[in-house]
Amino acid sequence: MMKRGGKGTGVGGDRSRIVMKLSADEQAQCESPANLNKIADIEAAWPTGGQPLQRPGRLFVCESLMHKMCRKGLKARYFWLCNDVLIYGAPITKGKYKGQVVLPLVDMAVEDIEDSAEGANGIQINDKRKSFIVYLISPTEKNKWIATLNRYIGLSREAAGLDPESRETDARALWIPDMKVKSCMVAGCTNAFSLRQRKHHCRNCGKVVCGPCSVYRAVLNKVKPERVCKTCHTKLGGTSPQDVPVLGQASSEKHTREADSSDDDSSDEEAEATQKEDPSIAIMRMVKDGTMTMEEAVARIAARDWVQERKLPGDPSSPPPSPKIGKKSIASPLAGADNDDGEANASVVGASKVPDGPYAMALYDNRDTQHDEEIGFDEGDIICLTQRLSEEWMEGYRFSDPAQQHGMFPTAFVEVIVDLP
């Protein structure tokens, strides 16, 4: 049984010195320009925002690209290890990442995972906030990471006044991947998942359950109530759907070789604490309050040219939209403008205007669709709305699609700019 091992260390805005029994060489490295510059580089690698990472006594240890088992399968994630925290995120472009997650080592435990059809060279990370499995490129890398993690977990626990050899923690249950489940896992429920019957994860046991079986809430090891299944709600002491039992620690139930939620393709509330507002939405808010024109906003979003500060239209200090992304030319806000190659630019979002009717902007990529009736789109795409099917689903088409192929999509994946009547 996994138990609470002690109070976690602070991260984020905490600027107090990290006190830890490091070797003389490591202590010297903490204050070296190379170490300080490396941590500054990691902090600057999150264009959509992240936690401050520079802190006295923090030592960068190692880094590696791994493949993390997420709810929709293996996803590439980049990991950095410091002497007190493990940091990871999803690659966007070279040297840039999104979905920052920072996990204090004091609340962590590491397990060796045997090779299987799902992957080789696996490590299971058990933590009070997220538990997941990652796969490395070789046995040597795997063994190096296990040994290094265990060393700094022990030092972190010792610095917190805990047993450095103990690995007891109130770890989160691993989430069972969506792709492994076709129907609700609650005993006695026969609901099969479909376009209208969405999949949800119980935060206590990690099982995939339907909406009616996951309307229950309980306080686990976070302050706010979280989604739990009917079975766990009863186990935690709930007697009616309105009850919100308070446990103080997550269930000890484990599902070996399963996985938690992805950081970029799920609706997990835990990701919200580590990410600032999506930059495309920040730009659209500037359109709403009159500090940017819609034409400029569309061009900036298409170019991924995120605005860091609010500028008034015409302000010379405001940078113009980036003309290119790699080798792809970006359309000018003026329709029919020529690109650098002398050819007329195709419209990025259906010309230099916005839809006449109701529309929304995509908050996330929706390329990994689950049903034939769903439409795919990319983060920042403008979606013309045709009807609201339910609280969870809408219908529409991409503004840039000349065929106007209609389809359904999750409401949570977009922000409505002009609502349906």
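Residues numbered from 1 in each chain as written. Predicted model: local features only at pLDDT ≥ 70, side-chain atom pairs only at ≥ 80, totals over all residues. Heavy atoms only, no water.

**What to know about the pattern of salt bridges**
It is possible for side chains of opposite charge to pair when their charged atoms get near one another. If you walk through the whole model with that rule in mind, you get ten salt bridges. Salt-bridge contacts for Glu-141 lead to Lys-144; the nearest nitrogen and oxygen are separated by 3.3 Å. Note that Glu-141 and Lys-144 are positioned in helix 3 (residues 139–159) at a spacing of three residues, about one turn of the helix. Between Arg-198 and Glu-374 there is a salt bridge; the shortest N-O distance is 3.9 Å. Of this pair, Arg-198 sits in the loop between helix 3 and strand 8 (200–201) while Glu-374 sits in the loop between strand 14 (359–362) and strand 15 (382–388), placing them 176 residues apart in sequence. (Salt bridge = Lys/Arg side-chain N within 4 Å of Asp/Glu carboxyl O. Helix = DSSP H or I, 4+ residues; strand = E, 2+ residues; numbered from the N terminus.)

**Regarding the sheet that holds strand 7 (residues 132–135)**
On the basis of which strands lie adjacent, the open sheet formed by seven strands has the order 4-3-2-1-7-6-5 and antiparallel pairing. Single-partner strands in this sheet number two, and they are strand 4 (96–104) and strand 5 (108–113). Averaged over neighbouring strand pairs, the angle between their axes works out to 35° when direction is ignored. Of the pairings in the sheet, the one linking strand 1 (residues 60–70) to strand 7 comprises two bridges and is antiparallel in character. Paired with Lys-68 across the strands is Val-134, a residue of strand 7. (Pairing = 2+ DSSP bridges. Axes fitted to C-alpha atoms, helices over the stretch in contact; angles between N-to-C directions.)

**Brief notes about helix 3**
Note: α-helices contain 3.6 residues per turn, so residues at a spacing of three or four share the same orientation. Under the 1.5 Å per step criterion, the end-to-end length of helix 3 is 30 Å for 21 residues, consistent within 8% with the ideal 30 Å. Within helix 3, burial applies to Glu-141, Lys-142, Trp-145, Ile-146, Thr-148, Leu-149, Tyr-152, Ile-153, Gly-154, Leu-155, Ser-156 and Arg-157. Two residues or fewer after helix 3 comes Gly-161, characterised by a positive phi angle close to 80°. (Expected span 1.5 Å × (residues − 1). Buried < 20%, exposed > 50% of the residue type's maximum accessible area, 1.4 Å probe, protein only.)

**Regarding helix 2 (residues 33–43)**
Listing the buried residues of helix 2 in full gives Asn-35, Ile-39 and Ile-42. Each buried residue of helix 2 lies within a common arc of 55° when the element is viewed along its axis, so the set occupies one face. In helix 2, the exposed residues that point more than 90 degrees away from the buried face are Pro-33, Ala-34 and Asp-41. Next to the buried residues of helix 2 lie helix 1 (24–30), strand 1 and strand 2 (73–82). (Arc of directions from axis to C-beta. Contact = heavy atoms within 4.5 Å.)

**Digging into the sheet that holds strand 16 (residues 393–398)**
Strand pairing in a sheet relies on backbone hydrogen bonds, with the paired strands running either antiparallel or parallel. Strand order across the open sheet formed by five strands is 17-16-15-14-18, with antiparallel pairing between neighbours. Looking at which strands have only one partner, the edges of the open sheet turn out to be strand 17 (407–410) and strand 18 (414–418). When strand polarity is set aside, the average angle formed by the axes of neighbouring strands in this sheet is 45°.

**Focus on the nonpolar core**
In terms of nonpolar packing, the biggest core is built from 27 residues, with Phe-79, Leu-105, Met-108, Ile-123, Trp-145 and Leu-149 touching the most fellow members. Mapped onto this core, the elements with two or more residues apiece are strand 1, strand 2, strand 3 (85–93), strand 4, strand 5, strand 6 (122–127), strand 7 and helix 3. Among the elements that make up this core, the one with the highest residue count is helix 3 (six residues). With near-sequence residues (within four places) excluded, Ile-123 lies in contact with Val-110, Glu-111, Ile-113, Phe-132, Ile-133, Val-134, Leu-136, Lys-142, Trp-145 and Ile-146. In terms of nonpolar packing, the next biggest core, distinct from the first, is built from 19 residues, Ile-176, Val-181, Val-186 and Cys-202 among them. (Core = buried A, V, L, I, M, F, W, Y, C linked by side-chain atoms within 4.5 Å.)

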